[in-house]
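# Chain and residue survey
So the chains spell out like this:
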Amino acid sequence: MASKSGGARAAWSGKWAFILAAAASAIGLGNLWRFPYLAAKYGGGVFLITYVVLVVSFGFTLMMLEAALGRKTGQSALGAFKSFGKKYAFIGILTSAIPFIIVPYYCIIGGWVLKYAGAYIADGSAALADGGTYFTNFISGGGESFIWAIAFLAIVFAIVALGVKNGIERANRILMPILLVMTVGICIYELTMPGAIDGLAYYLTPDFSKFSVQLVVAALGQMFYSLSLAMGIMITYGSYMQKSDDLEQSVRHIEIFDTGYAFLAGLMIVPAAFVAMGSADAVASKSGPSLMFIILPNVFDQMGGIASIMGFLFFLLVVFAALTSSISLTETCVSIVQDSAHTTRKKALGITMAFIFIMAMIVNLGYCQLAMIQPLGPGSTILDFLDFISNSVMMPIAALLACVFVGWVIKPKAIIDEVKISSPFKAEKMFTVMVKYIAPVLLVVILLAYVAAQFG
Ligand code: PHE
C-alpha cells in the first residue's frame with residue numbers, strides 16, 4: 001500500500017488525513033485574494049449567501065462525484081474514466097491536463113509570495129509600500145523572481161518526495177493549524193484598527209441590489225477554483241481512500257473548512273483594505289496581484305512599529321496556503337504520470353518536476369524577455385493565458401463532461417452505490433437531480449459567460 005514500494009499506489013492513513021489533504025488543497029491563493037475581492041465587488045453579504053448556497057449544492061455534488069469515482073476505480077483521473085471504456089478516456093485526458101497547466105504558474109506566484117515574506121525582513125515595510133513600483137520591478141526583473149520560484153518548487157519537491165503519509169500528510173498537519181491560528185490573530189488585530197468596523201459592516205451586510213447573473217457566475221467560478229474541483233485532484237485523493245471511510249461526511253467537512261477559511265480571509269482583508277482605500281468600490285477595483293502585493297503592503301505600513309512583522313506574518317501564511325495547494329497539484333500530476341507511464345513514483349516525480357521547471361521558466365519569462373507574447377490582448381501575460389485557459393475554459397468543460405458521464409452514461413447509481421459502501425447517502429436525491437440536470441446547465445452558463453467576457 002505504501003508509496004515506498006515503487007509502482008504500488010499510495011494510501012491515506014485514515015479519513016481525517018483525506019479531509020485535511022483536500023482542505024489543504026482547497027485553501028489557497030483563491031481564498032486569500034480572490035474571495036475577498038469578489039465579496040467586496042459583489043455587495044458583501046449577498047455574495048457570501050450565494051456562495052454558500054452554491055457550495056452546499058453544486059460544489060457538494062461535484063466533489064462527491066470526483067471523490068467517489070476515485071475511490072471506486074482506485075485510479076487517477078486518467079484511468080478512472082477509461083476504466084469504463086476506451087471511448088471515455090478523453091474525459092480523463094482533458095481533466096488530467098489541467099493540473100499540469102496550473103502548477104507552473106501557481107509556483108511562480110508562490111515564489112512572489114515567498115519573496116515578499118523575505119523582503120519584509122530584509123527590506124522592511126516602507127520599501128514595499130511604494131504604490132507598486134517594488135512589485136513591478138521585481139516580477140519583471142527576470143532572474144530574481146525565477147530564483148524565488150525555484151526555492152518554492154524545491155520545498156514542494158521535498159515534501160512530495162517524502163510520499164503521501166510522511167510528506168504530504170505531515171506537512172498538512174503542521175502547516176494547516178499554523179495557518180489558521182495566524183489568520184485568526186491577524187484578523188483580530190486588524191478589526192481593532194480605526195475605521196475597520198465600517199469595512200466589516202460592508203462585508204457582512206447583504207446589499208441585495210447587487211444581486212445579478214454576473215454575481216452568480218463569479219460565485220460559481222470561485223467555488224470551482226476554491227474547492228479544487230474539475231482537475232482530477234479529488235479523483236486522485238479519493239483513490240487513496242479506504243472503502244470504510246464515510247465519503248459524504250468527509251466532503252461536508254472539506255466544504256466547511258474551505259468556505260470557513262474563505263470567510264476568515266475576507267474578514268482579514270476586506271475591512272483592512274477598506275481602511276486603506278476608503279470605500280468598497282475602491283477595494284473592488286483592485287483584484288488579484290494588486291490587492292495582495294500593492295494594497296496590502298500599504299495597509300501594513302500604516303501599522304507603525306509592527307508593520308514589518310505583520311507583513312512578514314501575513315506573507316508567511318500565504319506561503320503556507322500556496323504550498324499546501326501546490327503540493328496537491330504536484331501530487332496529482334505525479335499520480336497521473338505514474339498511472340500512465342506505468343513507472344515508479346520516484347521516476348514519475350522526476351518527470352513531473354522537470355516539466356514544471358521548464359513551464360515555470362516560460363511563465364516567468366512572460367514578464368521579461370517574452371513580455372511581447374500577450375495572448376489575451378495588450379498587457380496580458382503568459383500567466384494570464386494559462387489561468388484563463390485552465391479555469392475558464394478547460395475546468396467547466398471537464399466538469400460538464402464528468403456530470404454528463406455520471407448522470408447519463410454510467411448513471412448516478414454507480415456513484416451512489418460507491419458512497420453507500422461506507423454509510424447512507426443522505427443527499428442522494430439532490431445529488432441525482434444536480435448531476436443530471438442542474439449542474440450541466442449551470443456549467444454551460446459559466447462557460448459561455450467566461451468566454452463572452454474574454455472575447456465579447
Ligand atoms: N483551491 C486553490 C485555491 O483556492 C487553488 C488550487 C487550484 C489548488 C487548483 C489546487 C489546484 O487557491
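Above this text you will find the structure in question.
Let us look at the structure shown here. In this text the structure is predicted, and so the values were computed from the model without any measurement.

### Comments concerning unusual backbone geometry
Glycine aside, residues mostly have negative phi, and peptide bonds are mostly found in the trans state. One non-glycine residue, serine 228, lies in the positive phi region at around 55°. Residue placement: serine 228 occurs in the loop between helix H11 (213-226) and helix H12 (233-239). Positioned with a positive phi, histidine 342 is a non-glycine residue whose angle comes to about 45°. As for its position among the elements, histidine 342 is in the loop between helix H16 (307-341) and helix H17 (345-365). With relative accessibility at 71%, the residue histidine 342 sits in the exposed group.

### Quick word on the nonpolar core
Grouped together as the largest cluster of nonpolar side chains are 170 residues, with contacts concentrated most on Trp112, Phe224, Phe314 and Phe315. Here this core gets 18 residues from one element, more than from any other, and that element is helix H5 (residues 89-122). Apart from the residues lying within four places of it in its own chain, the contact partners of phenylalanine 224 are Phe58, Leu62, Leu229, Ala230, Met395, Ala399, Leu443 and Ile446.

### Describing the packing of aromatic side chains
As enumerated under the stated definition, the model contains 32 aromatic pairs in all. Aromatic pair phenylalanine 58 and phenylalanine 224: ring centres 6.2 Å apart, planes at 65°, arrangement edge-to-face. Residue phenylalanine 58 is located in helix H3 (residues 45-73), and its partner phenylalanine 224 is located in helix H11; the two are separated by 166 residues in the primary sequence. By relative accessible area, phenylalanine 224 is classed as buried at 4%. Considering the side-chain rings of tryptophan 112 and phenylalanine 135, the 5.4 Å spacing of their centres and the 85° angle between planes classify their relative orientation as edge-to-face. Taken together, the residues tryptophan 112 in helix H5 and phenylalanine 135 in helix H7 (residues 133-140) connect sequence positions 23 residues apart. Using a relative accessible area of 6% as the deciding quantity, one classes phenylalanine 135 as buried. Through a chain of ring-to-ring contacts, the aromatic side chains of Trp33, Trp112, Tyr116, Tyr120, Tyr134, Phe135, Phe293, Phe300, Phe314, Phe315 and Tyr367 assemble into a single cluster. Stacked on the ring of tyrosine 225, the Lys or Arg arginine 34 has its end atom at 5.5 Å from the ring centre.

### Here's the deal with the site of the ligand
Close contacts around the ligand come from 15 residues, with Ala26, Leu29, Gly30, Tyr106 and Tyr225 the closest. The backbone of serine 25 places a nitrogen or oxygen atom 3.4 Å from a nitrogen atom of the ligand. Between the ligand and serine 228, the relevant distance is 3.1 Å, taken from a nitrogen atom to a side-chain nitrogen or oxygen of the residue. In the complex, 100% of the free accessible area of the ligand, which totals 320 Å², lies under the protein chains. Taken together, the elements giving at least two residues each to the shell around the ligand come down to helix H1 (15-26), helix H2 (29-41), H11 and H16.

### Comments concerning a nonpolar patch on the surface
Taken together, the side chains of Val404, Trp408, Val409, Val433, Tyr437 and Ile438 present a nonpolar region at the surface, about 510 Å² in accessible area. Those elements that place two or more of their residues in the nonpolar patch are helix H18 (382-409) and helix H20 (428-455). Residue position: valine 409 is located in helix H18. Owing to a relative accessible area of 35%, valine 409 belongs among the partly exposed residues under this scheme.

Basis of the calculations
- Residue numbers here run from 1 along each chain, matching the order of that chain's written sequence.
- Whole-chain, interface and lining totals are the exception, using all residues; otherwise, since this is a predicted model, local features are given only for residues with pLDDT of at least 70 and side-chain atom pairs are given and counted only at 80 or more.
- Side-chain figures throughout are based on the complete set of non-hydrogen atoms in the structure, without hydrogens or water.
- A run of H or I in DSSP becomes a helix once it reaches four residues, and a run of E becomes a strand once it reaches two; helices and strands are each numbered from the N terminus.
- Throughout, exposure labels follow a simple rule: accessible area from a 1.4 Å probe, protein chains only, divided by the maximum for the residue type, with under 20% read as buried, over 50% as exposed, and the rest as partly exposed.
- To qualify as a nonpolar core, a set must consist of buried Ala, Val, Leu, Ile, Met, Phe, Trp, Tyr and Cys residues joined through side-chain atoms within 4.5 Å.
- Contacts were defined at the residue level, with two residues in contact if any of their heavy atoms lie within 4.5 Å.
- Ring pairs are drawn from Phe, Tyr and Trp, using the six-membered ring of Trp, whenever the two centres fall within 6.5 Å, and their geometry is named by plane angle: stacked under 30 degrees, edge-to-face over 60, tilted for the rest.
- Here, a charge over a ring is recorded when the distance from Lys NZ or Arg CZ to the ring centre is within 6 Å and its angle to the ring normal is within 35 degrees.
- Distances are taken per atom, and a residue is near a molecule or strand as soon as one of its heavy atoms is within 4 Å of it.
- Identification of polar contacts relies on pairs of N or O atoms within 3.5 Å, with a donor-acceptor requirement for protein atoms, meaning one able to donate a hydrogen and the other able to accept it, and with residues adjacent in sequence counted only if both atoms are side-chain atoms.
- Surface exposure here means Shrake-Rupley accessible area, sampled with a 1.4 Å probe, where a residue is shielded only by the protein chains that are shown.
- Residues qualify for a patch when their relative accessible area is over 30% and they have no salt bridge, like charges being joined within 9 Å and the nonpolar side chains of Val, Leu, Ile, Met, Phe, Trp and Tyr within 5 Å.
- Any Lys or Arg side-chain nitrogen found within 4 Å of a carboxyl oxygen on Asp or Glu counts as a salt bridge.

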